[in-house]
Amino acid sequence: MTAPIPRDIPDLPVIPGRRTNLTPSSPPAGAVAPPVRRPLTAVYRLFLALAALAAVTVEILLGGPARVLSHFTIQSTLLLAAVTLASAGRAWTARRPLPGALTGAALLYVVAAALLHHVLLADAAPAYTMTGPAADPTGTAGTLAALAPPALHTLLPVAAVLDRLLLSPPARIRLVHAAAWLLYPTAHLVLVLAIGGLLPAGPARYLYPFQDPGRHGHPYVLGVSLLLLLALYCLALALITLDRTRPDPLRLGAKTGFRLRPPVG
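In this report, we go over the structure that sits alongside the text. (Residues numbered from 1 in each chain as written. Predicted model: local features only at pLDDT ≥ 70, side-chain atom pairs only at ≥ 80, totals over all residues. Heavy atoms only, no water.)

Comments concerning the overall build of the protein chain
When its secondary structure is counted, the protein chain shows 10 helices and 0 strands. Order of helices (α) and strands (β) in the protein chain, N terminus to C terminus: α-α-α-α-α-α-α-α-α-α. Here the protein chain holds 265 residues, and 34% of them are scored as buried. Contacts in the protein chain between residues at least 24 apart in sequence constitute 79% of all its contacts with a sequence separation of at least 6. Summing over all exposed atoms, the protein chain offers an accessible surface of approximately 17400 Å²; the carbon and sulfur share of this is 69%. (Helix = DSSP H or I, 4+ residues; strand = E, 2+ residues; numbered from the N terminus. Buried < 20%, exposed > 50% of the residue type's maximum accessible area, 1.4 Å probe, protein only. Contact = heavy atoms within 4.5 Å. Areas by Shrake-Rupley, 256 points an atom, 1.4 Å probe, with all protein chains shown as cover.)

And the structure:
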């Protein structure tokens, strides 16, 4: 014969000791969706990296490494090639993606360089070229010289944006990264202006026509430089906001291990 169950269960005594407040935590992404091999994504990124390296190589052969490598467009394209090549290897071997702060910086710089070209340099008179004043090449060299600028300023940035939106999961980037991403463009801008001030007067003194104080004056150059940095910061905020709100393309249509079944009985 068993004892009757009491109506009210007495409260358990408090266990003495130090109480710790547990903070809520979210499971890692790998626990929900473990990485898988994505060969098509790896091939796409490999071609993107090779195309970026080919376009930079053409510009270097036409204008010389010292001048061409000084341009922000070339440096951002080389960074995009390195990041994309590493991302291709990770997609092929099913490893974790690169940090979002790194991939986001590469995308921001190449898109910003493309917008700068189309807004301020595409219709400049005389025509702006990264290789400087030189004779127009002919034959195969002329064809490559005609294809390299559109690839650098249009095709590669569009391909990088498509890779981010369609082939990459949303990265864990925060608003503080927008300010950190400005450090490199600011340093590049200050260095270019400082070196241009030390060089003798000439058409190749400054990399960009709007940076020449002899033509526009120092207040104009300073104002344009500050506006460019402000526009870059706004573009970085837009990139972070889009990346935090967009859906994950890798999980759209993905099957989970849970299935709803009709009740038994």
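Structural notes on the packing of aromatic side chains
How two aromatic rings sit relative to each other is given by the distance of their centres and the angle of their planes. Under the definition given, this model contains 4 aromatic pairs. Between Phe72 and Tyr109 the ring centres are 5.7 Å apart and the planes differ by 70°, which places this aromatic pair in the edge-to-face class. Taken as a pair, Phe72 in helix 4 (residues 72-93) and Tyr109 in helix 5 (residues 100-121) lie far apart in primary sequence, 37 residues in all. Using a relative accessible area of 10% as the deciding quantity, one classes Phe72 as buried. Judged by relative accessible area, Tyr109 falls into the buried class, the value being 5%. An aromatic cluster is present here, built from Phe72, Tyr109 and Tyr184 joined pairwise through their rings. The residue whose ring lies beneath Arg37 is Trp92, and the NZ or CZ to ring-centre distance is 4.7 Å. (Phe/Tyr/Trp six-rings, centres within 6.5 Å; stacked < 30°, edge-to-face > 60°. Lys NZ or Arg CZ within 6 Å of the ring centre and 35° of its normal.)

Examining the environment of Pro185
Tracing the chain through its elements places Pro185 in helix 8 (residues 183-198). Accessibility expressed as a relative area gives 7% for Pro185, which makes it buried. Taking the C-alpha atoms as reference, Pro185 lies 7.9 Å from Phe72; in sequence the two are 113 residues apart. Those residues within four positions of Pro185 in sequence are excluded, and the remaining contacts are Phe72, Tyr109, Leu229 and Leu232.

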